[in-house]
Amino acid sequence: MGPIIGVLLAAGQGRRFGSDKLLHPLEDGTPMAVLAARRLKAACPGSVAVLRPEQTALADLLAEEGVQPVFCAAAHGGMGHSLAAGVAASPATAGGWLVALGDMPFIQPQTMRQVARALEAGASLAAPWLHGRRGHPVGFAACWRETLLAQAGDAGARDILSRHPEALRRIDTDDEGVLRDVDVPGDLGQA
């Protein structure tokens, strides 16, 4: 089995935030998407970040972190297009994909590694759970490649997860970051 590839989805518009949230500096000055990429890369050294073509400044920052930028011209059409672009940019021999979001920088690297290890151990789908809710990142085994490549629209891979609950390996966690996404500036103060 090939390596698990990290896919950071970072092509959203982030309109509710009021500015480019993915470049927004966190308390230590690190841009939000850079921290999310670092944490993903800790679990998956081979990681890509899917961006809109105009996100060149973020692309440069992520490339400096060793995360390969992938530009998706169809990203405006929704997360499904971005997911398909990230999978298409990965090696055909990938053992699966660990899909994380650029606006969820607080997921601990250990949680990322747990999801990746579940795929390596044979899980078809894997995700962390906190307080009875599925969180991020979500892992997809190589058997989902064609389905992921066909994704379009804004649902991302939610339909895969909802149609195949029996295939989802649930990883219980106490990592609050798995549910903590940043949509508006006030979300940064919540811990």
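The coordinates are above.
Each value, and the rule that gives it
- Residues numbered from 1 in each chain as written.
- Predicted model: local features only at pLDDT ≥ 70, side-chain atom pairs only at ≥ 80, totals over all residues.
- Heavy atoms only, no water.
- Core = buried A, V, L, I, M, F, W, Y, C linked by side-chain atoms within 4.5 Å.
- Buried < 20%, exposed > 50% of the residue type's maximum accessible area, 1.4 Å probe, protein only.
- Helix = DSSP H or I, 4+ residues; strand = E, 2+ residues; numbered from the N terminus.
- Lys, Arg positive; Asp, Glu negative; His and termini not counted.
- Salt bridge = Lys/Arg side-chain N within 4 Å of Asp/Glu carboxyl O.
- Contact = heavy atoms within 4.5 Å.
- Disulfide = S-S within 2.5 Å.
- Axes fitted to C-alpha atoms, helices over the stretch in contact; angles between N-to-C directions.
- Parallel < 35°, antiparallel > 145°, perpendicular 65-115°, else oblique.
- Left-handed = near helix turned anticlockwise from the far one by under 90°.
- Phe/Tyr/Trp six-rings, centres within 6.5 Å; stacked < 30°, edge-to-face > 60°.
- Lys NZ or Arg CZ within 6 Å of the ring centre and 35° of its normal.

S.K.: Please give an account of the nonpolar core that cites residues and values.
M.R.: In terms of nonpolar packing, the biggest core is built from 60 residues, with Leu62, Trp97, Leu98, Leu125, Phe140 and Leu148 touching the most fellow members. Ranked by residue count, the leading element in this core is helix α1 (residues 32–43), at 6 residues. Membership of the second largest hydrophobic core comes to 5 residues, among which are Met32, Leu35, Phe106 and Val182.

S.K.: An account of the side chain of Arg145 is needed here, citing residue identities and associated values.
M.R.: Looking at the element boundaries, Arg145 is found in helix α5 (residues 145–149). Although buried, Arg145 forms no salt bridge, and the nearest oppositely charged side chain, Glu146, lies 4.5 Å from it. Setting aside residues up to four positions removed in sequence, Arg145 forms contacts with Val87, Ser90, Pro91, Ala92 and Trp97.

S.K.: I'd love a proper account of the environment of Pro137, names of residues and values included.
M.R.: Tracing the sequence through the fold places Pro137 in the loop between β6 (133–134) and β7 (138–141). For the pair Pro137 and Met112, spaced 25 residues apart in sequence, the C-alpha to C-alpha distance is 6.7 Å. Excluding its chain neighbours within four sequence positions, the residues that come into contact with Pro137 are Leu98, Val99, Ala100, Ile107, Met112, Val115, Ala126, Ala127 and Pro128.

S.K.: I'd like to hear about the state of the cysteines, residue by residue, with values.
M.R.: Scanning all chains against the criterion turns up 0 disulfides. Of the cysteine sulfurs around Cys143, a residue in no disulfide, the closest is that of Cys44, at 16 Å.

S.K.: If you had to explain the packing of α1 against helix α4 (residues 109–120) to someone new, which residues and values would you point to?
M.R.: Viewed as axis vectors pointing N to C, α1 and α4 meet at an angle of 45 degrees, and their least axial separation amounts to 8 Å. Between α1 and α4, the angle is such that the two are oblique. For the pair α1 and α4, the sense of crossing is right-handed. Residue-level inspection shows Arg39, Leu40, Ala42 and Ala43 of α1 in contact with α4, the latter providing Pro109, Met112 and Arg113.

S.K.: I'd like a rundown of the packing of aromatic side chains, residues and numbers included.
M.R.: For the structure shown, the criterion picks out 0 aromatic pairs. Positioned above the aromatic ring of Phe106 is the side chain of Arg180, whose terminal nitrogen or guanidinium carbon lies 3.8 Å from the ring centre.

S.K.: Give a description of the environment of His136 that names residues and reports values.
M.R.: Tracing the backbone through its elements, the reader meets His136 in the loop between β6 and β7. Placed 32 residues apart in sequence, His136 and Met104 show a C-alpha to C-alpha distance of 8.2 Å.

These figures capture arrangement, not role.
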